[in-house]
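Here is how the chains run, residue by residue.
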Amino acid sequence: ICFERGMFGDGGNDELRSEEEFVSAVSGAFDCGGPQVGRDNGHCTVPPMVKCFYAWFYTGDRRFLEVFKELFFVMVRYYLTLPGGASYISDYDFYLGSLINCFAAAERDPIFSDEDRLLGAAFLLSSLRYIEKYGKAHWPLRECVLRFNHETFPAISCYWGAHYFGENYNLKNDAARWKYYA
């Protein structure tokens, strides 16, 4: 429907945007202003990317896949090129599992080169290792205590990361540790 109308909605209001404006708006939202500013750059970046993946997955319209790929690599470039390194996006543990699943399905498409697949997988692996440390530091496993709300997000990301990296790469020990944490 979005492409039939030639527009993308931003989800926040009734304003519609062209494909290019949508990519530009989401791409610009990755910059959090640095640790001293700390603008929310998670909820406004990864969910639109994931939605584009599912729009492609369910409709077969390759334009959604192209937008997914473009936004994914905007995020990767953001982390790789920011002087001094970038901090991970806010609430990244909420979305990493979904992003891993989306990339796992999308990377099989010929739109992704071997170099794209390698860079994407390496970025997601680095992200997963960061989220694992973050989760364990903030919410270590405790016997006879059920997790709730925010404690579940890093665990879910570890679970999906264990499946992707355990099945597709020789990371069986890491996958076992991630599944245990999940």
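All values reported here derive from a predicted model rather than from experimental measurement.

Focus: a negative patch on the surface
- Taken together, the side chains of Glu20, Glu21, Glu66 and Glu70 define an acidic patch exposed on the protein surface.
- Listing elements by their share of the negative patch, those giving two or more residues are helix H1 (19-28) and helix H3 (62-81).
- Within the secondary structure layout, Glu21 lies in helix H1.

Considering the nonpolar core
- If you look at the biggest cluster of nonpolar residues, it comprises 48 residues, and the most contacted ones within it are Phe68, Phe72, Met75, Leu99, Leu124 and Phe165.
- The dominant element in this core, judged by the number of residues it contributes, is H3, at 12 residues.
- Excluding residues that lie within four positions of it along the chain, Phe72 makes contacts with Met49, Leu99, Phe103, Gly120, Phe123 and Leu124.

So, the confidence of the model for the protein chain
- Within the protein chain, residue pLDDT values average 84, and 81% of them lie at 70 or more.
- Low pLDDT, under 50, characterises residues 1-7; the stretch is placed with 13 contacts to residues that sit more than four places away or in other chains.

Re the packing of aromatic side chains
- Taken as a whole, this structure holds 22 aromatic pairs when the rule is applied.
- Relative to Tyr58, the ring of Phe57 has its centre 5.2 Å away and its plane inclined at 85°; by these criteria the two rings are edge-to-face.
- With relative accessibility at 64%, the residue Tyr58 sits in the exposed group.
- An aromatic cluster is built from Phe53, Tyr54, Trp56, Phe57, Tyr58, Phe68, Phe72, Phe73, Phe103, Phe112 and Phe123, whose rings are joined through pairwise contacts.
- The ring of Phe112 has Lys69 sitting right over it, with the charged end atom 5.6 Å from the ring centre.

Description of the pattern of salt bridges
- Tallied over the full model, the rule gives nine salt bridges.
- The partner of Asp109 in a salt bridge is Arg62, and the shortest N-O contact between them spans 2.6 Å. Taken together, the positions of Asp109 in the loop between helix H4 (92-106) and helix H5 (114-138) and Arg62 in helix H3 put the pair 47 residues apart, joining distant regions of the chain.
- With relative accessibility at 10%, the residue Asp109 sits in the buried group.
- Judged by its relative accessible area of 37%, Arg62 is partly exposed.
- As a salt-bridge pair, Asp174 and Arg177 come within 3.0 Å of each other at their nearest N and O atoms. In this pair, Asp174 and Arg177 both sit in helix H7 (residues 172-181), three residues apart, roughly one turn of the helix.
- In the salt-bridge network here, residues are joined through shared partners; they are Arg129, Glu132, Lys136, Asp174 and Arg177.

A closer look at H7
- Residues Asp174, Ala175, Trp178 and Tyr181 constitute the buried set of H7. Down the axis of H7, the buried set is contained in an arc of 125°. They therefore lie on one face. Exposed and facing more than 90 degrees away from the buried side of H7 are Lys172, Asn173 and Tyr180.
- Residues of H7 that are buried in the fold lie against H5 and helix H6 (152-168).

The rules behind the values
- Residues numbered from 1 in each chain as written.
- Predicted model: local features only at pLDDT ≥ 70, side-chain atom pairs only at ≥ 80, totals over all residues.
- Heavy atoms only, no water.
- Patch = residues over 30% accessible without salt bridge, like charges linked within 9 Å, V, L, I, M, F, W, Y side chains within 5 Å.
- Areas by Shrake-Rupley, 256 points an atom, 1.4 Å probe, with all protein chains shown as cover.
- Salt bridge = Lys/Arg side-chain N within 4 Å of Asp/Glu carboxyl O.
- Lys, Arg positive; Asp, Glu negative; His and termini not counted.
- Charge placed at Lys NZ, Arg CZ, Asp CG, Glu CD.
- Helix = DSSP H or I, 4+ residues; strand = E, 2+ residues; numbered from the N terminus.
- Core = buried A, V, L, I, M, F, W, Y, C linked by side-chain atoms within 4.5 Å.
- Buried < 20%, exposed > 50% of the residue type's maximum accessible area, 1.4 Å probe, protein only.
- Contact = heavy atoms within 4.5 Å.
- pLDDT = per-residue confidence, 0-100.
- Phe/Tyr/Trp six-rings, centres within 6.5 Å; stacked < 30°, edge-to-face > 60°.
- Lys NZ or Arg CZ within 6 Å of the ring centre and 35° of its normal.
- Arc of directions from axis to C-beta.

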